[in-house]
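Summary of structural features
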Amino acid sequence: HYDFLGLSEMTTRQRQGVDGQRECRTSNPVPGYSPSANGCGSGWNTYLVPDADYLSLLHLQWVSFNDACDAHDKCYGTCGSDKKACDDALWTGMQKACDRIPGIFMVSRGRCLIMADAYHTAVQKLGEEPFQRAQDAGCEWVSCCEKDR
């Protein structure tokens, strides 16, 4: 039989529903939901986390992490996505951005790769709650009582 409510893959994430009942997050996407993107950073730090290395004059020509960060945001907000896969894709996207720096500018390329590594480490260590909030927004919720049936 088909699990129309997505209860077979119910997460343990719960919340208090508007009717006072416990709700559980399912693995079903919210119909019509489109994850948002805001570049690099999340919530309070959106404006503090740069989308490029602004200490280097070369950022204007070759490197921006904005596309990689936007894809990361959308990955986090896609119901059922895997956090590690999203984080690793961010790192790969940032490394590709760094690869656009010509080899003659080794110092700038090195700084860029260090920034990519720092961002990757940050989302690995600090990204669990932003990931869960994005999943909460992108996935349907149902009464936890339905799970017990």
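Thresholds applied
Residues numbered from 1 in each chain as written. Predicted model: local features only at pLDDT ≥ 70, side-chain atom pairs only at ≥ 80, totals over all residues. Heavy atoms only, no water. Pairing = 2+ DSSP bridges. Helix = DSSP H or I, 4+ residues; strand = E, 2+ residues; numbered from the N terminus. Axes fitted to C-alpha atoms, helices over the stretch in contact; angles between N-to-C directions. Contact = heavy atoms within 4.5 Å. Core = buried A, V, L, I, M, F, W, Y, C linked by side-chain atoms within 4.5 Å. Buried < 20%, exposed > 50% of the residue type's maximum accessible area, 1.4 Å probe, protein only.

1. A few points about the sheet that holds strand 2 (residues 22-29)
In sheet architecture, strand pairing relies on hydrogen bonds along the backbone and comes in two forms, parallel and antiparallel. Taken in spatial order, the 3 strands make up an open sheet running 1-2-3, and their pairing is antiparallel. Each edge of the open sheet carries a strand with a single partner, namely strand 1 (14-16) and strand 3 (139-143). On average, each strand axis in the sheet is inclined to that of its neighbour by 45°, with strand direction left out of account. Strands in contact with helix 4 (residues 128-138) are strand 2 and strand 3; relative to strand 3, the strand with the most contacts, it is inclined by about 75°.

2. Re the nonpolar core
Grouped together as the largest cluster of nonpolar side chains are 19 residues, with contacts concentrated most on Phe-65 and Met-94. Broken down by secondary-structure element, the contributors of at least two residues to this core are helix 1 (66-76), helix 2 (83-98), helix 3 (106-126) and helix 4.

3. Observations regarding the environment of Gly-138
Looking at where Gly-138 falls in the secondary structure, it is placed in helix 4. Of the residues examined, Gly-138 reaches a relative accessible area of 1% and is grouped as buried. Taking C-alpha positions, Gly-138 is 5.5 Å from Gly-77, a pair spaced 61 residues apart along the chain. Beyond its immediate sequence surroundings of up to four residues, Gly-138 is in contact with Asn-28, Pro-29, Val-30, Tyr-33, Gly-77 and Cys-79.

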